[in-house]
Every structure is written in C-alpha cells, then in structure tokens.
Amino acid sequence: MKRRNIHFVIPLCVLLFATAGQAVAKINVLACEPEWAALVQAIGKKNVEVTSATTAFQDPHHIQARPSLIARARNADLVVCTGAQLEVGWLPLLLRQSGNARIQRDKPGYFMASEQVELIEKLENVDRSMGDIHAGGNPHVHLDPYRLLTIARQLGERLQQIDPVNARHYQANLDNFAGQWQTAIERWEERARPLKEKKAVVQHRSWSYLFNWLEIEAVADLEPKPGLPPTSGHLAGLLNVIQAEKPQLIVLTTYQSERGARWLSRRTQLPVITLPYTVGGHEQATDLFGLYETTLDLLLETVQ
C-alpha cells in the first residue's frame, strides 16, 4: 500500500514542478515610457512581466542610465521604447551597458514604436542652434489613437515572434484590445467635437499628434527653442501673439514647470491645464483608455 502511494506522489510532484516552471516563464519586458508598458500589458497580460524605465512625472528626454535600470535591461527579453531620438540621451548607453544581445537593434527584442508609423514634423536641415530638435520627426506618437492602434498590432506580432508557443494568447488579447479601442475612438471623436478649431499655447511639441487628431491649433510655444525653458523676454513677446490669435488655454505636461505658464496666465487670463500626457499622469489615467478619457475630460472642462 505504501509503495503505491509513493508511486502516486512522485509523478504528482513532477507535475507540480512543471506547472510552476510554466507559471514563471514570462517575457521580461522593459518599456521606456509608461504608455508602452501599458500597451505591452494589454496585449501580453499574464504572459509578460513589464516594468517602465520612467514615470509620467519624468521628462523622457532626460533620464540617467542608472545601475538599477541597466540591471533591468540586462534581464529583458524585449525593450519597447518610443525611438525617434526621444531617448537618445540614455537608451544607447543603457543597451550597450546591459550586455544583452537579445535587445540590441535588429534583434527581435528591440522594438521602437516610432518606427511602426509615419511621423509628422520631419526636418531636413538641423543643427544644435535650433534646440532639442528631432530631425526624423515628432516622437510623441502615443497621443494619436490611430497610430497607437497600428503600433499595437505590430507589437502583438513581435510578442508572437518572441514567444510563438503563446501566439494565440497574444493574438486574442490584441483582437480584444483593437475592438475596444476602435469603439472608444468613435466615442471620443463624438465627445471631442466642441474642441474642434480651438487654439492653445503649448510648452514643447508634445501635443502635435493629439491636436492634429482633435483639430486644435497650437498658436504659440512657451519654449524659445525646443527643449529650452521659457525666458522672460520670450514670454513677453508672446503677449502680442496671444492678443492676435486669441487662444483658449495653455497646455502643459505633468513633468513641466508651471512657472512660465502661470506668468503668462496672470497677464492674459488664459487658464492653465496640465494634461496627464501618459499613463499615470492623473489618478484616473491608469491605462491607455483612462489616459484618453481623462485628457478629453480636462480639455472639455476647460474650454466649456
């Protein structure tokens, strides 16, 4: 009797160990920004382990390749970033220091969102005197819902390539996300009609894709040159622009200082609005759907 019990227990232990091994065999993903971490999670769900190198309160242009970040990259199976030189000051060093062959350029573990879609605001002739210019185009693609859907589909294919055993899982999640996203776009566009042809003052070209989609015009920039903080002389010069163009609001990201915007607001009575910009930038922007919902809520509350 005891011998039969032993024969029963041994296979059961083997099965438990095998199951445990499958449970931890997730794709380890390092996302450069919260929006891509959220997208990976939406498509990968239980089969991915995702961390973001930045938060909504950090400027993704200016991040340090800290040892803890290098350690994450060293263990990653996939790196998902914006690209288009947004992370040029730190991502190349991070990849090099990681020593991880899986996530280098031209490997399946290297995924740049900006390379999956057409970029706007491309420039042919660029030099450093022009400021922090992205010659290849504006990198802030996640704020165009149509481009984001294209990126989602490409990312789904990449996950299937890296983990073909769970290809059905990724495809099913992608199909579900795409269906919900397309339905949400229709709802958002209906809600956003009052924003059409409104005008705004911005700080940096972070909102170009969002404004193109919503048909909002950016008539002035608080930055004298891209990447440079507002100066008193530049802000004073904007008073004439605002008087002529008559914008309805001043828009900032969560990681930008309000100082210049508040100075201008006091002299023009324009409201200053801080939009979440990415996932985590507002208490209700907990995922990509919440990011868009909250952004529209804040814009509509301000202009109405």
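See the structure printed just above.
Described below are features of the structure shown in this document. Small disclaimer: the values here were computed from a predicted structure and weren't measured.

### Structural notes on the nonpolar core
Then, in step 1: Of all hydrophobic cores here, the largest spans 61 residues; its most connected members are L39, W181, W207, L210, L214, L288 and L299.
Then, in step 2: At 8 residues, the largest contribution of residues to this core is made by helix α6 (residues 167-191).
Then, in step 3: Counting residues in hydrophobic clusters, the runner-up holds 18 residues, among them C32, C81, L91 and L95.

### Section: the environment of L228
Then, in step 1: For L228, the location among the structural elements is in the loop between β6 (217-221) and α8 (232-245).
Then, in step 2: Remark: the alpha-carbon pair of L228 and H204, spanning 24 residues in sequence, is separated by 8.9 Å.

### Thoughts on the side chain of H140
Then, in step 1: In this structure, H140 sits in the loop between β4 (110-112) and α5 (145-162).
Then, in step 2: The exposure class of H140 is buried, given its relative accessible area of 1%.
Then, in step 3: In terms of polar contacts, H140 uses its side chain to reach the side chain of Y277, at 2.7 Å.
Then, in step 4: Excluding its chain neighbours within four sequence positions, the residues that come into contact with H140 are H61, L86, H204, R205, S206, Y209 and Y277.

### Points about the side chain of R147
Then, in step 1: Along the chain, R147 turns up in helix α5.
Then, in step 2: Engagement of the side chain of R147 in a polar contact is seen with the backbone oxygen of E118, the distance being 2.8 Å.
Then, in step 3: What R147 contacts, discounting residues up to four positions off in sequence, is V117, E118, I120, V141 and Y209.

### Points about the packing of aromatic side chains
Then, in step 1: Enumeration according to the criterion identifies 10 aromatic pairs in this entry.
Then, in step 2: A centroid spacing of 5.0 Å and a plane angle of 80 degrees characterise the contact between W181 and W188, whose relative ring orientation is edge-to-face.
Then, in step 3: With 5.1 Å between their ring centres and 80 degrees between their planes, W181 and Y292 make a pair best called edge-to-face. Taken as a pair, W181 in helix α6 and Y292 in helix α10 (residues 288-303) lie far apart in primary sequence, 111 residues in all.
Then, in step 4: In this structure an aromatic cluster arises from ring pairing among F177, W181, W188, W213, F289 and Y292.

### Considerations on helix α2 (residues 34-44)
Then, in step 1: The buried fraction of α2 amounts to 10 of the 11 residues, a majority that puts the element mostly inside the structure.
Then, in step 2: Those residues of α2 lying buried are P34, E35, W36, A37, A38, L39, V40, A42, I43 and G44.
Then, in step 3: Contacts from the buried residues of α2 go to β1 (27-31), β2 (48-52), β3 (78-81), α5, α6 and α10.
Then, in step 4: Looking one or two residues beyond α2, the residue adopting positive phi is K45, at roughly 50 degrees.

### Some details on the sheet that holds strand β5 (residues 199-202)
Then, in step 1: Spatial strand order, β6-β5-β7-β8: 4 strands in an open sheet with parallel pairing. Either end of the sheet is taken by a strand with one partner, and the two such strands are β6 and β8 (272-274). Adjacent strand axes in the sheet meet at a mean angle of 35 degrees, parallel and antiparallel pairs treated alike.
Then, in step 2: Here 3 bridges tie strand β7 (residues 249-252) to β8, and the two strands are oriented parallel to one another. Bridge pairing in β8 places V251 opposite I273.
Then, in step 3: Relative to β8, α10 is tilted by about 170 degrees, and along the sheet it contacts β7 and β8.

Rules and cut-offs
- Residues numbered from 1 in each chain as written.
- Predicted model: local features only at pLDDT ≥ 70, side-chain atom pairs only at ≥ 80, totals over all residues.
- Heavy atoms only, no water.
- Core = buried A, V, L, I, M, F, W, Y, C linked by side-chain atoms within 4.5 Å.
- Buried < 20%, exposed > 50% of the residue type's maximum accessible area, 1.4 Å probe, protein only.
- Helix = DSSP H or I, 4+ residues; strand = E, 2+ residues; numbered from the N terminus.
- Polar contact = N/O pair within 3.5 Å; in protein donor to acceptor, adjacent residues only side chain to side chain.
- Contact = heavy atoms within 4.5 Å.
- Phe/Tyr/Trp six-rings, centres within 6.5 Å; stacked < 30°, edge-to-face > 60°.
- Pairing = 2+ DSSP bridges.
- Axes fitted to C-alpha atoms, helices over the stretch in contact; angles between N-to-C directions.

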